[in-house]
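Examination of the molecular architecture
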Amino acid sequence: MGSGVDFSAIWGSFLNGEVLEEVVAFMAPLWIAVAVGVLVGWVWRPKWASLSRYGDSAETVSTPLAKLGFISSLGFIKIQLSGYVPWISDDRFDGDASSADPTSESDSSKVNVNRENESQVGDDDLQHLCRLVEVKDEGPAWIPMMDKTTPTMRYQAWRRDPESGPPQYRSRTVYEDVTPELVRDFFWDDEFRKNWDDMLIHSSTLEECPVTGSMLVHWIRKFPFFCSDREYTIGRRIWESGRSYYCVTKGVPCSAVPRRNKPRRVDLYYSSWCIRAAESLRDGQLTATEVILFHHEDMGIPWEIAKLGVRQGMWGAVKKIEPGLRAYQKERASGSPISRSAFMAQINTKVSPKYLNSSENSSNISLDAEDSAKTQVNKSIPKLVIIGGALVVACSLDRGLLTKAVLFGVARRFARIGKKV
């Protein structure tokens, strides 16, 4: 979200594209069958079910169709369907006060200038991103998904499926004739983002730190009519090493934004990227910019369906980002004043390449230490087993000191052999 390619935007592009029509055509009969089954089962429900819900009055069970009503049936069907299709459980059938349009609130939220949100996005996040960039995070192997090239851009994408959690995506985009600093500002600029990201319907800054540039922002993204909109509270911060920029954004808890039924809060969210100068595909000069992105989130959509959406909508969404970047490039070249969020993108925590290397090495050392500890434990297991077994045998077979001494002597000899092994 705010990256080389936004995978939630890809999902939205898929939902609004031609591929969606094929999926809906395939799944519509299943949905209709479930809806009809629920409706029929409710209309011809047994009398005891009606009594348990409405009381013992005969009027409540005399005319089920009259009692049901069109609006109430829709609400009930929605509740029942949520058990089979969980990502529609909070959709737009409800009409309570909690569904009020959040954009009706003032976008000029009060900004708390403090450093509280630094604890939510810190050095551990930087180290984790560095390990991802250098492919040293000890995670599953990345599976290639796409490799596309245009005269002004090259895009590559990978995916991997961890043992738990949603699919994770990695992409590498090279933009020609643009500086890393401009790309950094472009993806951080929430005000300008609304010009090219039609899914973003609300953004506001809740907290910011003028010393480190860290921010806490509130986003709401528009989803199609059969899905409720999604809400994010995102902590973000940028580290600079030379002309390489490590940008971390992730979902963080925020008491300032109460949780509501709609829009649906996305808690598990991670979208971070590294921006740095790269060789041009045309002449090999350092006139291009490389964006390496890592993204995963749990939008409340079945992961297999989300993977299908990303796969089908990926390239179409990626191609829409570059025109926005070029428009931003022209606007900045014209001398237009920058937005507040773009200004905050220029406040970075500076770190040396030596620090980044030491972070990677320290993580590797910790892993080696864990492996060494495990090896020592494994080597000590035979010794413990032999001595423990000797103790049991000694206490169960004979209570004499001689027998016990012999058994323990033999056990010690075998333990020495196990130690040498």
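Values in this document were obtained by computation on a predicted structure and should not be read as measured data. (Residues numbered from 1 in each chain as written. Predicted model: local features only at pLDDT ≥ 70, side-chain atom pairs only at ≥ 80, totals over all residues. Heavy atoms only, no water.)

**As for the overall build of the protein chain**
Within the protein chain one finds 13 helices and 12 strands. Counting only residues that meet the buried cut, the protein chain has 45% of its 421 residues in that class. When contacts within the protein chain are restricted to residue pairs at least 6 apart in sequence, long-range pairs at least 24 apart make up 67% of them. For the protein chain, the accessible surface area stands at approximately 22000 Å², while carbon and sulfur atoms represent 59% of it. (Helix = DSSP H or I, 4+ residues; strand = E, 2+ residues; numbered from the N terminus. Buried < 20%, exposed > 50% of the residue type's maximum accessible area, 1.4 Å probe, protein only. Contact = heavy atoms within 4.5 Å. Areas by Shrake-Rupley, 256 points an atom, 1.4 Å probe, with all protein chains shown as cover.)

**Digging into helix α10 (residues 303-333)**
With 31 residues, α10 extends 42 Å from end C-alpha to end C-alpha; this agrees with the ideal 45 Å at 1.5 Å per step. Most pronounced at G313, the bend in α10 amounts to some 55 degrees. Positive backbone phi, at 85 degrees, marks G335, one or two positions downstream of α10. (Expected span 1.5 Å × (residues − 1). Bend = angle between axes of the 7 residues up to and from the residue.)

**Topic: helix α7 (residues 123-133)**
Listing the buried residues of α7 in full gives D125, L126, L129, C130, R131, L132 and V133. Directly beyond the C-terminal end of α7, a positive phi value near 55 degrees is found at V135.

**What to know about the pairing of strand β11 (residues 288-297)**
In terms of burial, β11 is a largely internal element, 10 of the 10 residues being buried. With burial as the criterion, each face of β11 is covered, one bearing A288, E290, I292, F294 and H296 and the other bearing T289, V291, L293, H295 and E297. Sheet topology places strand β4 (residues 168-176) next to β11; eight bridges connect them, and they run antiparallel. Looking across to β11, one finds that Y169 is bridged to H295. The pairing of strand β10 (residues 269-278) with β11 spans 10 bridges and is classified as antiparallel. Counted as the bridge partner of A277 is T289 from β11. (Pairing = 2+ DSSP bridges.)

**Section: the confidence of the model for the protein chain**
Here the protein chain shows a mean pLDDT of 73. Residues at 70 or above account for 60%. Predicted confidence for residues 48-110 stays below pLDDT 50, and this span has 94 contacts to residues more than four positions away or in other chains. This model gives residues 364-415 a pLDDT under 50, and the stretch forms 18 contacts once residues within four places in sequence are excluded. (pLDDT = per-residue confidence, 0-100.)

**As for the side chain of R221**
Relative to the helices and strands, R221 resides in strand β6 (residues 215-221). One polar contact links R221 to D197, side chain to side chain, over a distance of 3.1 Å. (Polar contact = N/O pair within 3.5 Å; in protein donor to acceptor, adjacent residues only side chain to side chain.)

**A short note on unusual backbone geometry**
In this structure, the amide linkage connecting K262 to the following residue, P263, adopts the cis form with an omega of 0 degrees. Position of P263 among the secondary structure elements: in the loop between β8 (244-251) and β9 (264-265). Positive phi, close to 55 degrees, is recorded for V135, a residue that is not glycine. Tracing the sequence through the fold places V135 in the loop between α7 and β2 (143-150). A positive phi angle, near 65 degrees, is found at E138, a position not held by glycine.

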